[in-house]
Structures are given as C-alpha cells and as structure tokens.
Amino acid sequence: MALLSSIRAHMRQLQHPREFRIHAAVWPADALAAFERLAADELVRTAHEPMPAEPARSGSERIQHDTLSGSSVADVVTCIWRLDRRVRRVPGVTRSATRHLEMAWDSLVQAGVKIQDHLNDPFDPGLSIKVLSYQPAPELDRDRVVETIRPSIYLNDQMIQRGEVIVGTPDPVAKEAAQ
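Residues numbered from 1 in each chain as written. Predicted model: local features only at pLDDT ≥ 70, side-chain atom pairs only at ≥ 80, totals over all residues. Heavy atoms only, no water.

Caption draft 1: Region of interest: the sheet that holds strand β3 (residues 144-150). Ordered in space as β2-β6-β3, the 3 strands form an open sheet in which the pairing is mixed. Looking along the sheet, the strands with just one partner apiece sit at the ends: β2 (129-136) and β3. Each strand of the sheet is rotated relative to its neighbour by a mean of 25°, with strand direction disregarded. Bridge analysis of β2 against strand β6 (residues 163-169) gives 7 bridges, and the strand direction is parallel. Note that in β6 the partner of isoleucine 129 across the bridge is glycine 163. (Pairing = 2+ DSSP bridges. Helix = DSSP H or I, 4+ residues; strand = E, 2+ residues; numbered from the N terminus. Axes fitted to C-alpha atoms, helices over the stretch in contact; angles between N-to-C directions.)

Below you can see the structure in the form of structure tokens.
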C-alpha cells in the first residue's frame, strides 16, 4: 500500500515542470509504521460498521437538495447578462457568434428565470430596486434609470436578486443655462 501511494505521488510530480516538482519528505520509519497501523485500524473498524441509512425524503426535498441556490443562479444570470450586453456593443457580430449565448438565455427562460434590465425605465422611489447613485442629466424630463449595474432577477416569480441602478435626475439649472 505504501509503495502504491509513493508511486502515485511520484507520477503526480512528473506532471509538473522540473523546477516546480516537490521532492517527498523523508519520514522516520517509526512514524510511517504508526500511520500504517492507524490506517489499517480504520479500515478494519469501518469494514464492520453498517452503512447509515439515508433518511427518507419527499420528492420536493430531494429537488431542493439537488438544485443550485438562488444566489448561485443570480450570479450566473448576471454574468450571462453582462456578456450579452458586451457582445451586442461589438459591431459586426454575426449570429453564429451569439448562438450559444442565445441558447443560454433560452435555457434560463425554460428554467423559470426572468431578467429585468431597468435601463431607460422611469424611476419611482417605490420600485424594488437599489439606487447606487443619482446623476444629474439636463436632457431628462423626469427621473430615469440611466445605467443598470445589476439586473433584477426572478426565479419562478420570486425575486432572487434586487436590481442595482444609477438614476438620472433632471437638472433644471443646467437646462436653463443651455437655453
């Protein structure tokens, strides 16, 4: 058993360039013998123990255990949303280049994910979005979202990520100065 693990360790080291290889430490014989005794005792002990039975779970509990958490889904969706925004800004991008991105969007929609990009939406303080900052913009006639940092994401009609935005506000002083 010790020979097999030393061969495996040596083979793992051969995968790396010579300057990054780590030579095995020389252990005293009594320490190696103690480790081998402990390992053998553990094997004997676990061989005689019965396997613990898995508690019975309903189907919905099993599904929740096997799926991603809401925050993980939100992180993945946000990354895909940002990638989509960047790809759409590149001039001359062909449909074949965006095909996989569109397939990811379709898969998310089929899984019950909805993405709400608030860009250019009228802003109302009662909306369920987080305002990171307000920015004066003389060309606006009312408060509007001028940039979306993170979209609002819904999974099966439940919000799993609150949108983060920058709101543009009309600046009457700059508007009068421009006239």
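Caption draft 2: Expanded view of the nonpolar core. Ranked by size, the top nonpolar core spans 10 residues in total: Val73, Ala74, Val77, Ile80, Trp81, Leu101, Trp105, Leu108, Val113 and Ile153. Elements that contribute at least two residues to this core include exactly α4 (70-89) and α5 (95-110). Residue contributions to this core peak at 5 residues, all from α4. (Core = buried A, V, L, I, M, F, W, Y, C linked by side-chain atoms within 4.5 Å. Buried < 20%, exposed > 50% of the residue type's maximum accessible area, 1.4 Å probe, protein only.)

Caption draft 3: Summary view of a nonpolar patch on the surface. Side chains of Ile7, Met11 and Leu14 sit close together on the surface and give an oily, nonpolar patch of about 270 Å² of accessible area. Take methionine 11: its relative accessible area is 48%, and that puts it in the partly exposed class. (Patch = residues over 30% accessible without salt bridge, like charges linked within 9 Å, V, L, I, M, F, W, Y side chains within 5 Å. Areas by Shrake-Rupley, 256 points an atom, 1.4 Å probe, with all protein chains shown as cover. Salt bridge = Lys/Arg side-chain N within 4 Å of Asp/Glu carboxyl O.)

Caption draft 4: Structural view of the sheet that holds strand β5 (residues 158-161). Pairing is antiparallel in the open sheet, where 3 strands are placed in the order β1-β4-β5. The open sheet has two edge strands with one neighbour each: β1 (113-116) and β5. Sheet twist, expressed as the mean angle between neighbouring strand axes with direction ignored, is 35°. As defined by bridge partners, strand β4 (residues 152-155) adjoins β5 across 3 bridges and the pair is classed as antiparallel. Within β5, the residue paired with tyrosine 154 across the bridge is methionine 159.

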